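Observations on chain architecture
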Amino acid sequence: MAGILAGLRVVDFGRYISGPFCATLLGDLGAEVIRVEKLNGSEDRYTVPITPEGEGAYFAQLGRNKKSITLNPAKPEGRAVTDRLIKTADVVVVNLPAPSLEKMGLEYTRLKSLKPDIILVVNSAFGSTGPYAQRGGFDTVAQAMSGNMHLSGEEGKPGKSFAPYCDFGTAAFSAFGALAAILHRFKTGEGQLVEGSLLSTALTFNNAALIEQAVHGLDRQGSGTRGQYNAPTDAFPTTDGWIMVQVVGQGIFERWTRLTGARHLEDHPQCRNDQDRGDFGKKIGTHMRTWIQSRTSEEALTELTEAGIPAGKILNPAEVLSDHHIQESGLIQMADHNNGLPPLPIAEHPVSYSATETLQFSPPPPLGAHTTELLTELGFSEQEIMALKEKRVV
């Protein structure tokens, strides 16, 4: 199986999530991805450790379908290796602020001088312009600065998303940008710089709240799991767990009132539309809690589903792994791992295609597993490779 991007080489200088997962998505589509790491391994190789050696769950997910080379680009000899590698690449992925790019010799003007049609994909916390451009940052900082944490928590107590959506969202947007740049290059022969940032991703995801604030100045406060734009939308306790219910639109609301015996709310002046119901959400939620409190999760979900009302059980991670829909619909691929672990549950490539193949996941590579192979391909002799290893360049 080759994939739509077969024949393209991606050099992944990423770290943590946004850069590496951008390259991972391109690799899923058939690009050859070369992961460049520190000699002792990059930090994200060891995040959320799951192996006896301390390698992590994130790397098990993000390291699939890649080759691994260890390299120190900051050393002069390492710069020479980097330059040879760049000349063979189509796309270079980096997530670093501008000063670090220059230190590593990975700024766009320099890469373009090495390979005029190169596509450089750069992710950073805050972008390359503005007062914060020199700062580093992580996912939760972007969540905080987008207004999301203020609105996700309870009033007076911010809350964050456990899953790093700014990281993964930036990776997805960057892969989208890389594909657009690849298409542009096919048409014109011209490479370009593609930039994404954690903050721009967070602002994109929370944009509606910002628009509303600019127009109405409502100064909304956090409401936890309760939605503020429709109702009943919240997490509700059952006799044996919790379920999430989301009632959006007049049709679903009327089906909900019939199911729960709340027909009187259909003509209530505070229930004329979704936003009215969102503003009246606390009281509507009280009625829902009364209806649901004597039911098990399965009983409630059966009735809600039969009535055409969107709802789902709030699952813990163990329950997610055993959920029959997730298992049977192929949303998770049981993938091999090089460290002797049993097959690991790796989320499938997040998009399906009717005419484009994605690769079966190969295990994440051991640190530096392809260093000698790649250096040989780049024209280094056996003696030169030994010298680079002795000097701790690779």
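Above this text sits the structure in question.
Let us look at the structure shown here. (Residues numbered from 1 in each chain as written. Predicted model: local features only at pLDDT ≥ 70, side-chain atom pairs only at ≥ 80, totals over all residues. Heavy atoms only, no water.)

Observations concerning the pattern of salt bridges
Applying the stated rule across the entire model yields 23 salt bridges. A salt bridge links Arg35 to Asp12; the nearest nitrogen and oxygen atoms lie 3.8 Å apart. Here Arg35, found in strand 2 (residues 32-37), pairs with Asp12, found in strand 1 (residues 9-12); they are 23 residues apart in sequence, far enough to count as distant. Each member of the pair, Arg35 together with Asp12, is buried. Residue Asp276 is joined to Arg272 by a salt bridge in which the shortest nitrogen-to-oxygen separation is 2.9 Å. By relative accessible area, which is 15% here, Asp276 ends up buried. (Salt bridge = Lys/Arg side-chain N within 4 Å of Asp/Glu carboxyl O. Helix = DSSP H or I, 4+ residues; strand = E, 2+ residues; numbered from the N terminus. Buried < 20%, exposed > 50% of the residue type's maximum accessible area, 1.4 Å probe, protein only.)

With respect to the sheet that holds strand 1
The parallel open sheet is built from 6 strands, whose spatial order is 3-2-1-4-5-6. Only two strands of the sheet have a single partner each, and these edge strands are strand 3 (66-70) and strand 6 (192-197). Across this sheet, the average inter-strand angle for adjacent strands is 20 degrees, counted without regard to direction. In this fold helix 1 (residues 18-28) packs onto strand 1, strand 2, strand 3, strand 4 (91-94) and strand 5 (119-124), with an angle of close to 160 degrees to the strand it touches most, strand 1. (Pairing = 2+ DSSP bridges. Axes fitted to C-alpha atoms, helices over the stretch in contact; angles between N-to-C directions. Contact = heavy atoms within 4.5 Å.)

Concerning unusual backbone geometry
Cis peptide bonds are those with omega within 30 degrees of zero, and the linkage from Ala231 to Pro232 qualifies with -5 degrees. By the element assignment, Pro232 lies in the loop between helix 10 (207-216) and strand 7 (233-237). The phi angle at Val48 is positive, at roughly 60 degrees, despite the residue not being glycine. Phi at Arg392 takes a positive value of approximately 60 degrees, unusual for a residue other than glycine. Position of Arg392 relative to the elements: it lies in the segment after helix 18 (382-390).

Section: the nonpolar core
Counting 29 residues, the largest nonpolar core has Phe13, Val92, Val94 and Leu375 as the members making the most contacts within it. Listed by contribution, the elements that provide at least two residues to this core are strand 2, helix 3 (76-87), strand 4, helix 4 (98-104), helix 5 (108-114), strand 5, helix 17 (371-377) and helix 18. Counting residues per element, this core draws most heavily on helix 3, at 3 residues. When residues no more than four places from it in sequence are discounted, the contact partners of Val92 are Val11, Phe13, Ile86, Leu111, Ile118, Ile119, Leu120 and Val121. (Core = buried A, V, L, I, M, F, W, Y, C linked by side-chain atoms within 4.5 Å.)

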